[in-house]
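Topology and contacts: notes
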Amino acid sequence: MEELTTGVMQHGQENLKAIEKDRLLMLARNPASVFIFWQFCSNKAGAFRQGVYGTEIRVRLFYSEDKTPAGDAAFSWDAFKAYLKPPLEGKAYFAALYAAKPGGDYEKLLESNSITMPVSSPLSAGSTYASAEFMKKALP
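What you are looking at is a predicted structure, and each value in this text was computed from that prediction instead of being measured.

What the rule picks out here adds up to 6 salt bridges. The residue Lys-44 makes a salt bridge to Asp-22 at a minimum N-O spacing of 3.1 Å. One end of the pair, Lys-44, is in helix α1 (residues 42-49); the other, Asp-22, is in the segment before β1 (23-30), and 22 residues separate them in sequence. Measuring nitrogen to oxygen at the nearest pair gives 3.8 Å for the salt bridge that ties Glu-56 to Arg-58. A network of salt bridges, in which partner residues are shared, links Glu-56, Arg-58, Arg-60 and Asp-72.

In structure tokens form, the structure reads like this:
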């Protein structure tokens with residue numbers, strides 16, 4: 001599998017007040033990048049702190065059409081967000097988050113929504129702004 005990170009990891013602040021369920025969300029940032037955000041309820045966060053799970057999680061991208069792997073990246077469980085680079089523009093993807101168990105096995109904890117990546121246009125080659133609405137207005 002391909003390594004997916006596109007930049008420096010940014011560690012989020014842990015804020016677990018009133019979180020009742022675990023979440024994994026994925027948003028298209030531009031044709032070459034997605035933003036992944038995860039959140040754990042206090043019980044799951046406690047499991048990480050107590051060593052039930054290792055400190056590393058794996059975020060794996062899958063093609064939505066056939067559920068085949070598209071890439072994989074490792075993060076600290078408490079980073080809470082990441083930017084990933086899917087291998088192909090215009091394809092539909094979803095993410096799954098896996099936690100390390102003692103003994104080296106990984107357990108699937110969460111699955112994200114599915115998104116379709118936008119496709120670059122000639123006008124966006126020098127820009128990270130890839131809004132379709134902007135492109136409609138920019139083209140005669």
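Let's pick the thread back up.
Once that is clear, we can look at α1. Within the sequence span of α1, burial applies to Lys-44, Ala-45, Gly-46, Ala-47 and Phe-48. Elements that come into contact with the buried residues of α1 comprise β3 (56-63), β6 (92-100) and β7 (106-116). Just beyond α1, the residue with positive phi is Gly-51, at close to 85°.

Let us look at unusual backbone geometry. Here Lys-67, not a glycine, exhibits a phi torsion of approximately 60°, which is positive. By the element assignment, Lys-67 lies in the loop between β3 and β4 (69-76). The backbone of Phe-80 shows a phi angle near 65°, a positive value even though the residue is not glycine. Within the secondary structure, Phe-80 is located in the loop between β4 and β5 (81-84).

Moving on, we come to the sheet that holds β3. Strands sit in the order β4-β3-β6-β7 across an open sheet of 4 strands; the sheet is antiparallel. Two strands bound the open sheet, and with one partner strand each, they are β4 and β7. Going from strand to strand, the sheet's axes swing by 20° on average, the running direction of each strand aside. As judged from the 7 bridges shared by β3 and β4, these two strands associate in the antiparallel manner. Bridging across to β4, Val-59 finds its partner in Ala-73.

Conventions used here
Residues numbered from 1 in each chain as written. Predicted model: local features only at pLDDT ≥ 70, side-chain atom pairs only at ≥ 80, totals over all residues. Heavy atoms only, no water. Salt bridge = Lys/Arg side-chain N within 4 Å of Asp/Glu carboxyl O. Helix = DSSP H or I, 4+ residues; strand = E, 2+ residues; numbered from the N terminus. Buried < 20%, exposed > 50% of the residue type's maximum accessible area, 1.4 Å probe, protein only. Contact = heavy atoms within 4.5 Å. Pairing = 2+ DSSP bridges. Axes fitted to C-alpha atoms, helices over the stretch in contact; angles between N-to-C directions.

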